[in-house]
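A look at the structure
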Amino acid sequence: MYTLLVVDDEKWVRQGLSLTIDWLSEGIELIGEAEDGEEALTRIRNESPDIIITDIKMPRMDGLDLMEALRNRPKKVYVIIISGYSDFEYAQKALKYGAYDYVLKPIEETALLEVVRRCVSDLDRENERRHHLTEMSGRIRESLPLARQHFLEMLLLGGIVDPPSELEAKWQALNMTLNPHALTVLAVKIHLWGPKASGEKDRSWIRMALANIAEEIAAGRGQAVACPIDHNADAEMVVLFSGDSSYDGKKKRRKYAFPDEMKAIIDAAKRYLGLTISIGISGPGSMTELAQCYEEALHACSNAFYDGFGKVYDSGQLSVQAYKPHAYVGPDGSWETRVHQAMKLGDDGAIHEGVDLLIEHAQSARERISPLHVSRGIRLLLQSLGQKWEAAHPYRTAPGIDRFNETIVNADLPLAQLGDALRHALLHCASESRGSGHRTRIVELGMQFSHQHYMKGITMNDAAEHLFLNPSYFSKVFHEEAGETYSKYLARLRMNKAKQLLKTSSLKIYEIADQVGYADFRHFSKTFKEIEGVTPGQYRDLGI
């Protein structure tokens, strides 16, 4: 979860940014607002936000002065500038000062969210690189093979910016057998893991087995080192190769049929491990260019999204277009909102139209956007759609969400198969929601009432009366749908709130009892011990 500070001298703008966007569903916590740069600096010193959305023109200290003041801070802050058309020159200046991006007034939610989502994605990558660098410093002392792997991983991810002389010294110290001045990067993407990968531990072993296979086959041409990559959506492994191949100095193209050996890796992965993989091959480069080569290999491999899995995609044989370097956000920036509305209404026709529109738009986007950016953008769109569906059911599991996550969000599908799979998953969600509609809605409203009034000493009869239902009928429906009685649910809700207060406040226990809806302190203590196994005082002392 990242933190956000909103800075603007106009109250209505601050309130609009704070209240109209569901920041929590974007993985962001809004920690506050500020009227100008000076107030913002005070909050930044105390709360250290990850992202700042600020107006460019404000009294006392404007957005540019605020950015100047942030330059020397040890922690990097991502600043998104808001400006009007008349302030466009200031926005350009802000970008030179290090602003992440700008959004023009009047602010459109979809345009702002596109920038924010890119910002969150970059923060994720930054944190991952920082984590890898920290791990590498310790692992160098543990084992030379591990140290080699993590050193290469850092080079591939652009996490090392040492001067070339220092990089070469590390290269020699780690006894790397590869020629640092003639390297090719192979990005390996596992699309289908097969029956042997039942968990993350199994997948880790499979990566290692695939690495051994790839090294052995690629070594027929020269030297090869495989580097498994965990928790990466674009590739599971990279193979670095240097060998006896010769290059055309002007065009930098390989003169031998390198993809033949790579096809052998694909076949062996299928035969011995049950995997379906694709491989992207970069052009040649030196160790200082590994990050660019890796990105080139990823772009090549991402063509599998359009042209099918289980193939070799050589950047030297692909017609590379001058793609615009921006993210894919869907047909019009509001696609997931419309499809989510169709799911809520159970409008099967609108769901069909939404899926068809996405597939057609993604197909046409290939002419102007890299397949890598299209596949990443669609992944983010589908994740956002799932989050919206879950957020619409805050007190129960969203109908059909498990199937949606399993078959769509956590699956890897080419565009040719994505349409049918997505259509079936969304129709299933809508159908399941309709099937359990009335009774589910009763439980959801009962839970919502409980969350809003648990501190007032409410009972099951109060909840039933609020919903204009017979108490016996409400009790029966709640028990059958929620899997527990309303009284147990309400007691558990109150105990969870009490535990939060015991952990985070200095309130006396009788005061906490009153705040969670118990007028009788003894009854509260008895109920707490029955549910938690310890008294409230013991819970606080243990610091559980």
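A short tour of the structure in this document, coming up. Values in this document were obtained by computation on a predicted structure and should not be read as measured data.

Focus: the overall build of the protein chain
Regarding its fold elements, the protein chain presents 23 helices and ten strands. Viewed in the frame of its principal axes, the protein chain has a C-alpha envelope of about 85 × 60 × 50 Å. Expressed as a percentage of the 544 residues in the protein chain, the buried residues total 47%. When the accessible area of the protein chain is evaluated, it comes to approximately 27200 Å², of which 50% is carbon and sulfur surface. Distance between charge centroids for the protein chain: 3 Å, based on 65 positive and 76 negative side chains.

Here's the deal with helix α20 (residues 486-504)
With 19 residues, α20 ought to run about 27 Å at 1.5 Å a step, and its terminal C-alpha atoms sit 27 Å apart, in line with that. Regarding α20, the residues found buried are Tyr486, Tyr489, Leu490, Ala491, Leu493, Arg494, Met495, Ala498, Lys499 and Leu502.

Details of the pattern of salt bridges
Counted according to the given criterion, the structure contains 23 salt bridges. Here Asp55 ties to Lys105 by a salt bridge, and the two come within 3.3 Å at their closest N and O atoms. Of this pair, Asp55 sits in strand β3 (residues 51-55) while Lys105 is found in the loop between β5 (101-104) and α5 (109-142), placing the two residues 50 residues apart along the sequence. You can call Lys105 partly exposed: its relative accessible area is 22%.

Quick look at a negative patch on the surface
There is a patch of like negative charges on the surface, built from Glu390, Asp402, Glu406 and Glu432. One can find Asp402 in helix α15 (residues 401-409). Of the residues examined, Asp402 reaches a relative accessible area of 57% and is grouped as exposed.

Observations regarding the sheet that holds strand β4 (residues 78-83)
With respect to topology, five strands assemble into an open sheet ordered β2-β1-β3-β4-β5, the strand pairing being parallel. Each edge of the open sheet is held by one strand with a lone partner, namely β2 (28-34) and β5. Between one strand axis and the next, the sheet turns through 20 degrees on average, direction left out of account. Summarising the sheet, β4 and β5 pair through four bridges and their orientation is parallel. Bridge pairing links Ile80 to Asp101 in β5. Seen against the sheet, helix α3 (residues 63-70) touches β3 and β4 and runs at an angle of roughly 150 degrees to β3.

Focus: α15
By the burial criterion, the buried members of α15 are Ile401, Phe404 and Ile408. Around the axis of α15, the buried residues are gathered within 60 degrees of arc, so they sit on the same side. In α15, those exposed residues whose orientation departs by more than 90 degrees from the buried face are Asp402 and Glu406.

Here we look at the nonpolar core
The biggest cluster of nonpolar side chains holds 33 residues, and the ones touching the most others in it are Tyr328, Val374, Phe404, Leu422 and Leu426. Elements with a contribution of two residues or more to this core: α11 (304-307), α12 (335-345), α13 (348-365), α14 (371-391), α15 and α16 (415-435). For this core, the element with the highest residue contribution is α16, accounting for eight residues. Excluding residues within four positions of it along the chain, Phe404 makes contact with Leu382, Leu385, Gly386, Val409, Leu422, Ala425, Leu426 and Cys429.

As for the side chain of Thr276
With respect to the helices, strands and loops of the structure, Thr276 is situated in strand β9 (residues 276-281). A distance of 3.3 Å separates polar atoms of two side chains, one belonging to Thr276 and the other to Lys270. In contact with Thr276, other than residues within four places in its own chain, are Lys189, Ile190, His191, Leu192, Lys270, Phe309 and Gly310.

Section: the packing of aromatic side chains
A complete count under the given rule lists ten aromatic pairs for this structure. Residues Phe474 and Phe478 carry aromatic rings whose centres are separated by 5.9 Å and whose planes lie at 50 degrees to one another, so their mutual orientation is tilted. With Phe474 and Phe478 both in helix α19 (residues 471-482) and four residues apart, this pair spans about one turn of that helix. Taking relative accessible area as the criterion, Phe478 reaches 0% and is therefore assigned buried. Joined through ring pairs, the aromatic side chains of Phe474, Phe478, Tyr486 and Tyr489 make up one cluster.

Re the side chain of Asp234
Tracing the sequence through the fold places Asp234 in the loop between β7 (222-228) and β8 (237-243). According to the relative accessible area criterion, Asp234 is buried, its value standing at 16%. A polar contact of 3.2 Å, which involves the side chain of Asp234, links it to the side chain of Arg379. In contact with Asp234, other than residues within four places in its own chain, are Lys189, Leu298, Leu372, Arg376 and Arg379.

Points about the environment of Leu290
Mapped onto the secondary structure, Leu290 falls in helix α10 (residues 290-301). Leu290 gets classed as buried once you look at its relative accessible area, which sits at 0%. Dropping the residues within four chain positions of it, Leu290 is found in contact with Leu155, Leu156, Leu183, Val185 and Leu240.

Calculation criteria
Residues numbered from 1 in each chain as written. Predicted model: local features only at pLDDT ≥ 70, side-chain atom pairs only at ≥ 80, totals over all residues. Heavy atoms only, no water. Helix = DSSP H or I, 4+ residues; strand = E, 2+ residues; numbered from the N terminus. Buried < 20%, exposed > 50% of the residue type's maximum accessible area, 1.4 Å probe, protein only. Areas by Shrake-Rupley, 256 points an atom, 1.4 Å probe, with all protein chains shown as cover. Lys, Arg positive; Asp, Glu negative; His and termini not counted. Charge placed at Lys NZ, Arg CZ, Asp CG, Glu CD. Expected span 1.5 Å × (residues − 1). Salt bridge = Lys/Arg side-chain N within 4 Å of Asp/Glu carboxyl O. Patch = residues over 30% accessible without salt bridge, like charges linked within 9 Å, V, L, I, M, F, W, Y side chains within 5 Å. Pairing = 2+ DSSP bridges. Axes fitted to C-alpha atoms, helices over the stretch in contact; angles between N-to-C directions. Contact = heavy atoms within 4.5 Å. Arc of directions from axis to C-beta. Core = buried A, V, L, I, M, F, W, Y, C linked by side-chain atoms within 4.5 Å. Polar contact = N/O pair within 3.5 Å; in protein donor to acceptor, adjacent residues only side chain to side chain. Phe/Tyr/Trp six-rings, centres within 6.5 Å; stacked < 30°, edge-to-face > 60°.

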